[in-house]
Amino acid sequence: SSCYFRHDNHQMEPCELSANTVIAHPRALTDKMTLIRDAGPSKFQVIADFDATLTRYRVNGLRGRQTSHGLLQQGDAYYDAKRQALYDHYHPLEISPVIPIDEKTKLMEEWWGKTHELLIEGGLTYDAIKKSVANSSIAFREGVSELFEFLEKKEIPVLIFSAGLADVIEEVLRQNLDRTFKNVKIVSNRMVFNDDGQLVSFKGKLIHVLNKNEHALDMAAPLHDRLGVDIGEEDEENVNMKERRNVLLMGDHLGDLRMSDGLDYETRISIGFLNDNIEKSLESYRESFDLVYLNDAPMWGALELVSRLFSTEA
Ligand code: TMP
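Now for a description of the structure that goes with this document. (Residues numbered from 1 in each chain as written. Predicted model: local features only at pLDDT ≥ 70, side-chain atom pairs only at ≥ 80, totals over all residues. Heavy atoms only, no water.)

## Description of the pattern of salt bridges
Stage number 1. Under the criterion given, the structure shown has 16 salt bridges.
Stage number 2. The partner of lysine 212 in a salt bridge is aspartate 49, and the shortest N-O contact between them spans 2.7 Å. Taken as a pair, lysine 212 in helix H7 (residues 209-220) and aspartate 49 in strand S4 (residues 44-49) lie far apart in primary sequence, 163 residues in all.
Stage number 3. For lysine 212, a relative accessible area of 7% translates into the label buried.
Stage number 4. We note a salt bridge from aspartate 80 to arginine 83, for which the minimum N-O separation is 2.7 Å. With aspartate 80 and arginine 83 both in helix H2 (residues 77-95) and 3 residues apart, this pair spans about one turn of that helix.
Stage number 5. Put simply, Asp49, Lys212 and Asp256 are held in one network by salt bridges that share partners. (Salt bridge = Lys/Arg side-chain N within 4 Å of Asp/Glu carboxyl O. Helix = DSSP H or I, 4+ residues; strand = E, 2+ residues; numbered from the N terminus. Buried < 20%, exposed > 50% of the residue type's maximum accessible area, 1.4 Å probe, protein only.)

## Some thoughts on the site of the ligand
Stage number 1. Lining the immediate environment of the ligand, one finds 13 residues, of which Asp51, Glu94, Thr115, Ala163 and Lys212 sit closest.
Stage number 2. Within the side chain of serine 162, an N or O atom sits 3.2 Å from an oxygen atom of the ligand.
Stage number 3. The contact in question runs from an oxygen atom of the ligand to an N or O atom on the backbone of alanine 163, over 2.7 Å.
Stage number 4. Taken by itself the ligand offers 480 Å² of open surface, and the protein chains cover 91% of this.
Stage number 5. Broken down by secondary-structure element, the contributors of at least two residues to the shell around the ligand are H2, helix H3 (101-121), strand S5 (158-165) and H7.
Stage number 6. No other element matches the 3 residues that H3 contributes to the shell around the ligand.
Stage number 7. Residue composition of the shell around the ligand, grouped by class: 5 nonpolar, 3 polar and 5 charged. (Near = heavy atom within 4 Å. Polar contact = N/O pair within 3.5 Å; in protein donor to acceptor, adjacent residues only side chain to side chain. Areas by Shrake-Rupley, 256 points an atom, 1.4 Å probe, with all protein chains shown as cover. Nonpolar A, V, L, I, M, F, W, Y, C, P; charged D, E, K, R; others polar.)

## Structural notes on the packing of aromatic side chains
Stage number 1. A complete count under the given rule lists 10 aromatic pairs for this structure.
Stage number 2. Arranged with centres 5.0 Å apart and planes meeting at 85 degrees, the rings of tyrosine 78 and tyrosine 79 form a pair that is edge-to-face.
Stage number 3. Here tyrosine 78 falls in the partly exposed class, since its relative accessible area comes to 47%.
Stage number 4. Linked through ring pairs, Tyr87, Tyr90, Trp111 and Trp112 together constitute an aromatic cluster.
Stage number 5. We note arginine 141 situated over the ring of phenylalanine 273; from NZ or CZ to the ring centre the distance is 4.0 Å. (Phe/Tyr/Trp six-rings, centres within 6.5 Å; stacked < 30°, edge-to-face > 60°. Lys NZ or Arg CZ within 6 Å of the ring centre and 35° of its normal.)

Encoded structure:
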């Protein structure tokens, strides 16, 4: 992989930047890196969005509907068409800049509620999830596996936050990475199946695009039992998550920066993947994220960053 930072006189300086990397304030970034590095890996965690952040935005040049929702085929064309119709109606509302936030929140709750109802009504099976993932062209960015592996070795947790479907995301991980990682947790909408393998309900609080960013970390906190968000963690470990006050946050929307709102963080480094509308959005992305990767860049930059932070640690 290419070079992003040079270690000189114990000072890290940016060196040759790849054409797809934009760092507006290199000095501020290296200062943050020094702070995080000094605090050590036990104070560090990674929070990542899933769709178009860990996964690629385009596959074979095509922008497909390759999200955990988009790839899902219930095995019943009637229900797939109904969910698509909801998407066609609500997605423009989701991205509308003129709808006030409280109104938009209601609309998103409506959308997610209806979609979940259709999945239940259509009797979605786990088998259909497996087939959908196998038939999809969803793909991780190159280097995701290596990034998870490095972080696992350093016992650094990775929380994947998504307003999509936890069970689909887990199946994507299972089918597309050659192994599982015990440091990787998914906070998303989790399904409950009956003995016949059919979806009967969703666990706990609905996570949609707007509340995901507002309460993301609370959902992983000790309260998760009451909220019903099962991330398979011990309470003690969750408390520990809040003690990890240095964070690397990765997302593809400005709103993703709010994923760390539930954390009283000390130092945050943020990476933004700017996938589309580059000319229009670059200015706001470069001022909001410490690093911006363009053109569906791979994960090598993030791996380089965390290995610069912790590789010389004993
Ligand atoms: P996220 O993965 O960035 O957290 O967001 C989930 C996306 O899923 C969001 O942009 C809207 C989309 N979505 C669908 O494509 N179909 C659906 O049925 C629903 C409820 C959401």
